[in-house]
Amino acid sequence: MKITEFLKENIIVLDGAMGTLLQKEGLSPGELPERWNLSRPEVITKVHRDYFDAGSHVVNTNTFGANNLKFKSEDLEKIIRIAIENARRAAEESSGAQEKWVALDVGPTGRMLKPYGDLDFEEAVSVFAETVKLGVKYGADLIYIETMSDSLETKAALLAAKENSSLPVFVSNAYGEDGRLMTGADPLSMIAMLEGMGADAVGINCSYGPKTLAPVIFDYLQYASVPVLLKPNAGLPKTVNGEAVFDVLPAEFAEDMTEFIKQGVRVAGGCCGTTPEHICRLAEACNGLTAVPVTDKGISVVSSYARAVVLGGKPVLIGERINPTGKPRFKEALRNADMDYILKEAITQQEKGVDILDVNVGLPEIDEVKMLKEAVCGIQAVCDLPLQVDTSNGAAMEAAMRSYNGKPMVNSVNGKKESMEAVFPLVKKYGGLVVALTLDEDGIPETAEGRVKIAEKILKKAEQYGILKKDIIFDPLALTISADSKAGSMTLAAVREISKRLGVHTSLGVSNISFGLPRREILNSTFFTMALSNGLSAAIMNPYSEEMMKAYTAFCALGGYDENCESYIEFVNGLAEEAVTVSKVVGGEMPIGGSQLQDAIIRGLKERAANFTGELLKNEKPLDIIKNEIIPALDAVGTGFEKKTVYLPQLLMSAESAKASFEVIKAAMGGGRATDKCTCIIATVKGDIHDIGKNIVKLLLENYGFDTVDLGKDISPEAVRDAVVERKAPVASLSALMTTTVPAMETTIRLIRRDAPWCKVIVGGAVLTKEYADMIGADFYAKDAMEAVRYAEEIHSAL
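Residues numbered from 1 in each chain as written. Predicted model: local features only at pLDDT ≥ 70, side-chain atom pairs only at ≥ 80, totals over all residues. Heavy atoms only, no water.

J.: Looking at this structure, how should I read the overall build of the protein chain?
T.: A count of helices and strands for the protein chain gives 30 helices and 25 strands. What you see for the protein chain is a C-alpha radius of gyration of 28 Å, in line with the 28 Å of a compact globule of 799 residues. Oriented by its inertia axes, the alpha-carbon framework of the protein chain measures out at about 80 × 75 × 50 Å. Taking all 799 residues of the protein chain together, 59% fall into the buried category. Restricting the contact set of the protein chain to residue pairs at least 6 apart, pairs at least 24 apart contribute 76%. If you sum the accessible surface of the protein chain, you get close to 30,600 Å²; carbon and sulfur atoms cover 50% of it. Of the charged side chains in the protein chain, 86 are positive and 109 negative, and the gap between their average positions amounts to 2 Å. (Helix = DSSP H or I, 4+ residues; strand = E, 2+ residues; numbered from the N terminus. Rg over C-alpha atoms; globule rule 2.2 N^0.38 Å. Buried < 20%, exposed > 50% of the residue type's maximum accessible area, 1.4 Å probe, protein only. Contact = heavy atoms within 4.5 Å. Areas by Shrake-Rupley, 256 points an atom, 1.4 Å probe, with all protein chains shown as cover. Lys, Arg positive; Asp, Glu negative; His and termini not counted. Charge placed at Lys NZ, Arg CZ, Asp CG, Glu CD.)

Written out as structure tokens, the structure is:
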């Protein structure tokens with residue numbers, strides 16, 4: 001039986017941890033666990049068999065880190081082939097009578113994707129694709145993508161799975177204590193993207209124990225229309241008699257998991273620290289439980305890497321300014337590939353209060369495919385709003401949707417057969433909320449009823465592609481009243497009828513209503529209010545128009561969408577205080593006009609930061625610029641990150657902008673060092689190729705002026721010790737992602753303590769806690785990169 005069929009009526013029990021069990025069997029610090037498929041197959045097979053015997057329906061192959069970044073192609077193929085054979089043998093030998101499946105386990109690459117790292121999106125897809133192809137070749141039953149902390153990397157893995165197999169795909173992400181992924185995504189953002197791309201089950205694994213993950217789990221159960229999976233740790237590691245043990249025992253684990261299953265979790269297992277006993281207790285507890293039916297939540301949603309926007313409540317504003325139509329300056333920016341101008345438009349519209357940004361770069365004389373993809377990626381690097389991909393060019397639409405980080409709004413499809421056959425396959429493959437224009441081969445109907453009929457035709461065709469009506473929003477098309485005095489009332493009637501009769505959402509390009517007439521803002525704002533009163537869900541509009549924003553803010557206050565009229569009062573007060581503009585990027589008090597360089601760094605605008613630095617150098621000393629401009633800007637963003645008002649991508653883009661500023665200063669100083677803070681040695685420990693955290697720490701330390709020596713990843717304890725001794729470094733920062741590599745971290749610390757007792761050691765990584773860090777002898781546990789920087793500054797100040 002196919003697992004997706006079994007899942008329709010049953011609860012599925014997954015397996016538990018692999019790495020922590022292999023450590024007990026003698027896995028050495030830094031040794032790659034995937035190689036045990038070849039060197040110790042009997043141990044791997046026994047672990048799998050023990051889980052099957054305990055009641056697991058699914059075991060994951062021992063291939064968490066099996067990819068071509070870590071292994072040569074010939075080694076990779078052998079590892080995956082034997083890994084699947086080991087799991088198959090375990091299923092055959094198991095005494096368990098339950099249905100059994102073997103999942104190809106796919107973990108993260110350990111590298112951060114561009115623009116925040118050096119791994120290209122398509123390269124990441126290619127890396128995952130090779131692993132997936134081998135899993136298919138050697139007989140895996142399904143693909144399990146797990147422990148992903150970056151939404152874009154998750155998308156790359158799922159895309160690779162979908163493009164290279166027809167197997168079911170389960171996807172789980174690792175959430176932090178703030179309920180978000182490392183790169184900022186909340187549960188709804190991930191659900192929107194993964195469901196849109198066709199994942200068969202979505203959920204959470206690793207990070208913490210069941211109770212701690214409860215808020216994230218309940219978000220999944222509230223929003224997901226596919227089965228929810230949960231594979232938490234056995235709590236967190238703590239010290240007992242000098243040894244690290246996980247603090248949630250099997251009985252408690254099973255009890256906690258059972259409560260979530262009763263709430264609707266359909267796929268359950270364990271991650272770090274769980275054992276066959278944990279799974280046995282879980283399987284026993286599931287006996288007799290009735291699976292809670294999975295229901296379609298009917299949510300119309302778009303998302304970015306950090307923010308989801310749901311339609312159906314407060315009307316949604318779509319900023320129209322990233323569009324060349326009628327905008328000579330924007331056309332010039334497109335012709336000159338002036339990306340900073342485009343990014344500035346995006347940021348300014350966000351500050352004006354829009355929910356989604358329309359992105360249209362269609363000019364006949366430019367390469368729209370290339371420019372739209374670059375614009376979408378560039379905007380997402382500095383702005384966390386969802387985007388509307390706006391183009392009639394099918395190739396440009398696919399390029400932008402493919403690389404988009406989240407679930408985009410797509411503008412547009414219409415009732416023409418050719419349009420639907422071109423756009424719907426893209427929406428089905430990549431996910432999206434598609435704008436449907438009520439026109440077809442016969443043009444735009446003059447009546448509301450005619451537009452309703454086209455909407456019905458579009459819905460029927462979309463259903464044939466497996467696209468539900470919740471993922472379609474209709475634009476009944478506002479036509480100018482200068483040509484037809486009844487155009488406005490007919491459009492309003494179409495909005496009303498499509499919304500009520502078809503149960504779908506609607507959107508309009510509001511300003512079209514006044515084309516060719518004077519003082520257009522008078523008509524636009526009044527028509528906008530009328531459309532909202534007739535049930536309009538979203539509007540493409542100019543957020544710089546004071547009249548439009550007045551109409552919107554007043555409507556929300558009067559319509560019950562503004563609790564205590566807070567937004568209205570804030571808006572009105574803002575009208576009276578327009579002379580003092582405050583940046584909202586970091587949730588602080590950074591005047592936009594007060595320092596152009598600080599503003600550019602905060603916003604993540606690299607070219608502008610470099611240009612403003614060059615201007616300042618004409619009148620100011622380099623070190624004064626660093627002290628008075630760059631460091632305060634970084635501090636502002638860092639504070640926002642610590643307060644959770646800024647997410648990692650924004651922090652990294654600000655750091656990159658500061659780096660661009662530093663490069664200009666270094667050049668002005670003849671290539672010498674711009675600062676003179678102490679030396680920090682950083683490394684990912686032996687056996688661990690995951691260097692995302694280490695690279696983030698490196699970037700921030702460099703920007704704060706530390707002499708940062710990056711040894712790289714998979715670095716032996718001896719190499720780290722030697723570098724510390726050679727450079728007399730006061731600080732060493734060590735990173736580890738996997739439980740199997742923490743012993744290598746402990747060995748490294750032991751060598752530093754013996755041979756370089758002056759050095760303070762910072763440790764960080766997903767598997768660590770403060771208590772665990774204390775146990776292995778570290779001086780400081782940094783839960784994120786900013787904490788590492790703050791501690792390094794304390795050490796430097798004490799020298």
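Picking up where we left off.
J.: Can you walk me through the packing of aromatic side chains in this structure?
T.: Given two aromatic rings, one states the distance between the centres and the angle between the planes to describe the pair. Under the counting rule described, the total for this entry stands at eight aromatic pairs. An angle of 55 degrees between the planes, with centres 5.2 Å apart, marks the rings of Phe6 and Trp101 as tilted. Placement of the pair is Phe6 in helix 1 (residues 3-7) and Trp101 in strand 3 (residues 101-106), with a sequence separation of 95 residues. Given the relative accessible area of 11%, Phe6 is considered buried. The exposure class assigned to Trp101 is buried, which follows from its relative accessible area of 4%. Above the face of the Trp758 ring, Lys728 is positioned so that its terminal group lies 3.7 Å from the ring centre. (Phe/Tyr/Trp six-rings, centres within 6.5 Å; stacked < 30°, edge-to-face > 60°. Lys NZ or Arg CZ within 6 Å of the ring centre and 35° of its normal.)

J.: Whenever I open this one, the side chain of Lys231 confuses me. Can you help?
T.: On the secondary structure map, Lys231 appears in strand 7 (residues 228-232). On the accessibility criterion, Lys231 (3% relative accessible area) is buried. Separated by 3.1 Å, the side chains of Lys231 and Asp15 make a polar contact. Ignoring any residue separated from it by four or fewer positions in sequence, one finds Lys231 in contact with Leu14, Asp15, Gly16, Asn60, Tyr144, Ile204, Asn205, Cys206, Gly269, Gly270 and Cys271. (Polar contact = N/O pair within 3.5 Å; in protein donor to acceptor, adjacent residues only side chain to side chain.)

J.: I keep staring at the packing of helix 7 (residues 151-164) against helix 8 (residues 187-196) and nothing clicks. Help me out?
T.: Packed helices, taken two at a time, are described by the angle their axes make and the gap between the axes. As a packed pair, helix 7 and helix 8 sit with axes 11 Å apart at the nearest point and diverge in direction by 15 degrees. Classified by the angle their axes make, helix 7 and helix 8 are roughly parallel. Considering how the two elements wind past one another, helix 7 and helix 8 form a crossing that is right-handed. Judged by residue contacts, Ser151, Thr154, Lys155 and Leu158 of helix 7 engage Met190, Met193 and Leu194 from helix 8. A per-class count over the contact of helix 7 with helix 8 returns four nonpolar, two polar and one charged. (Axes fitted to C-alpha atoms, helices over the stretch in contact; angles between N-to-C directions. Parallel < 35°, antiparallel > 145°, perpendicular 65-115°, else oblique. Left-handed = near helix turned anticlockwise from the far one by under 90°. Nonpolar A, V, L, I, M, F, W, Y, C, P; charged D, E, K, R; others polar.)

J.: Teacher, can you tell me more about the sheet that holds strand 16 (residues 409-414) here?
T.: Each strand in a sheet pairs with another by means of backbone hydrogen bonds, the pair being arranged parallel or else antiparallel. Taking strand neighbours around the barrel as the criterion, the eight strands line up as 13-14-15-16-17-18-19-20 in a closed arrangement whose pairing is parallel. Strand-to-strand twist across the sheet, computed as the mean angle between neighbouring axes with direction ignored, equals 30 degrees. Running over the sheet, helix 17 (residues 448-464) touches strand 16, strand 17 (433-437) and strand 18 (472-475) and is turned about 155 degrees from strand 18. (Pairing = 2+ DSSP bridges.)

J.: Is there a simple way to think about the sheet that holds strand 3 in this case?
T.: A sheet is described by the order of its strands in space; here eight strands give the open sequence 1-10-7-6-5-4-3-2, paired in parallel fashion. One side of each edge strand has no neighbouring strand; the edge strands of this open sheet are strand 1 (12-13) and strand 2 (58-60). Where strand 4 (residues 142-148) and strand 5 (residues 169-173) come together, four bridges link them in parallel fashion. Within strand 5, the residue paired with Ile143 across the bridge is Val169.

J.: Help me understand the pattern of salt bridges, please; the structure alone is not making it clear to me.
T.: For side chains bearing opposite charge, pairing can occur when the charged atoms are close. All chains considered together, the criterion is met by 49 salt bridges. Here Arg603 makes a salt bridge to Glu351, at a shortest N to O gap of 3.4 Å. Of this pair, Arg603 sits in helix 22 (residues 596-603) while Glu351 sits in helix 13 (residues 339-352), and the two are 252 residues apart along the sequence. Across this residue pair, the class does not change: Arg603 and Glu351 are buried. A salt bridge links Lys453 to Glu449; the shortest N-O distance between them is 4.0 Å. Here the residue Lys453 and the residue Glu449 both occupy positions in helix 17, the gap between them amounting to four residues, near one helical turn. Judged by relative accessible area, which is 36%, Glu449 ranks as partly exposed. A network of salt bridges, in which partner residues are shared, links Glu122, Glu163, Arg402 and Lys429. (Salt bridge = Lys/Arg side-chain N within 4 Å of Asp/Glu carboxyl O.)

J.: Please explain helix 14 (residues 368-382) as it appears in this structure.
T.: The α-helix advances 3.6 residues per turn, and as a result positions three or four apart in sequence lie on the same side. Taking 1.5 Å as the rise per residue, helix 14 with 15 residues should run 21 Å; its terminal C-alpha atoms sit 21 Å apart, in good agreement. All of the buried residues along helix 14 are Glu368, Met371, Leu372, Ala375, Val376, Gly378, Ile379, Gln380, Ala381 and Val382. The distance from a side-chain oxygen at the start of helix 14 to the backbone nitrogen of Val369 is 3.3 Å, and the residue carrying that oxygen is Asp367. (Expected span 1.5 Å × (residues − 1).)

J.: Explain the pairing of strand 6 (residues 201-206) here, please?
T.: On a regular strand, each side chain points to the face opposite its neighbour's, so the side chains alternate between the two faces of the sheet. Of all the six residues making up strand 6, six are buried; the element is thus mostly covered by neighbouring parts of the structure. Both strand 5 and strand 6 contribute to a ladder of four bridges, which runs parallel. When the bridges of strand 6 are listed, Asn173 appears paired with Ile204. Each parallel crossover has a hand, and the one from strand 5 via helix 8 to strand 6 is right-handed. The pairing of strand 6 with strand 7 spans five bridges and is parallel. (Right-handed = clockwise from strand over helix to strand, strands pointing away.)

J.: Explain the environment of Glu456 here, please?
T.: Within the secondary structure layout, Glu456 lies in helix 17. Sequence separation of Glu456 and Tyr791 is 335 residues, and the distance between their C-alpha atoms is 61 Å.

J.: Would you mind showing me how to read the side chain of Thr491 here?
T.: When you line up the elements, Thr491 lands in helix 18 (residues 487-502). Excluding its chain neighbours within four sequence positions, the residues that come into contact with Thr491 are Arg451, Pro476, Leu477, Ala478, Leu479, Leu508 and Phe527.

J.: Help me understand helix 30 (residues 785-798), please; the structure alone is not making it clear to me.
T.: With 14 residues, helix 30 ought to run about 20 Å at 1.5 Å a step, and its terminal C-alpha atoms sit 20 Å apart, in line with that. By the burial criterion, the buried members of helix 30 are Ala785, Met786, Ala788, Val789, Tyr791, Ala792 and Ile795. For helix 30, the N-terminal capping position is held by Asp784, with its side-chain oxygen 3.1 Å away from the main-chain nitrogen of Met786.

J.: Is there a simple way to explain a nonpolar patch on the surface in this structure?
T.: A grouping of Tyr568, Ile569 and Val572 is seen on the molecular surface, where their side chains present a nonpolar patch of about 240 Å² in accessible area. Of note, Val572 is situated in helix 21 (residues 566-576). (Patch = residues over 30% accessible without salt bridge, like charges linked within 9 Å, V, L, I, M, F, W, Y side chains within 5 Å.)

J.: Would you explain the pairing of strand 7 in this entry?
T.: Burial runs high along strand 7: five of the five residues are buried. Taking every second residue as pointing to the same face, both faces of strand 7 are buried, with Val228, Leu230 and Pro232 on one and Leu229 and Lys231 on the other. Running through helix 9 (residues 214-223), the crossover from strand 6 to the neighbouring parallel element strand 7 is right-handed. Examined bridge by bridge, strand 7 and strand 10 (residues 267-268) share two bridges and lie parallel to one another. Residue pairing in the sheet places Leu230 in a bridge with Ala268 of strand 10.

J.: So what exactly am I meant to see when it comes to the confidence of the model for the protein chain here?
T.: For residues with low pLDDT, the predicted coordinates do not support detailed interpretation. Across the protein chain, the average pLDDT comes to 93, with 97% of residues at or above 70. Here residues 579-594 scores under 50 on pLDDT; set against residues more than four positions off or in separate chains, the count is 29 contacts. (pLDDT = per-residue confidence, 0-100.)

J.: Where do I start with the environment of Lys100 in this structure?
T.: Tracing the backbone shows Lys100 in the loop between helix 5 (73-93) and strand 3. The exposure class of Lys100 is partly exposed, given its relative accessible area of 22%. Those residues in contact with Lys100 that sit more than four places away from it in its chain are Phe52, His57, Ala91 and Ser94. Looking at Lys100, its side chain comes within polar contact range of the main-chain oxygen of Gly96, at 2.4 Å. Reaching out from Lys100, the side chain makes a polar contact with the backbone oxygen of Gln98 at a distance of 3.3 Å.

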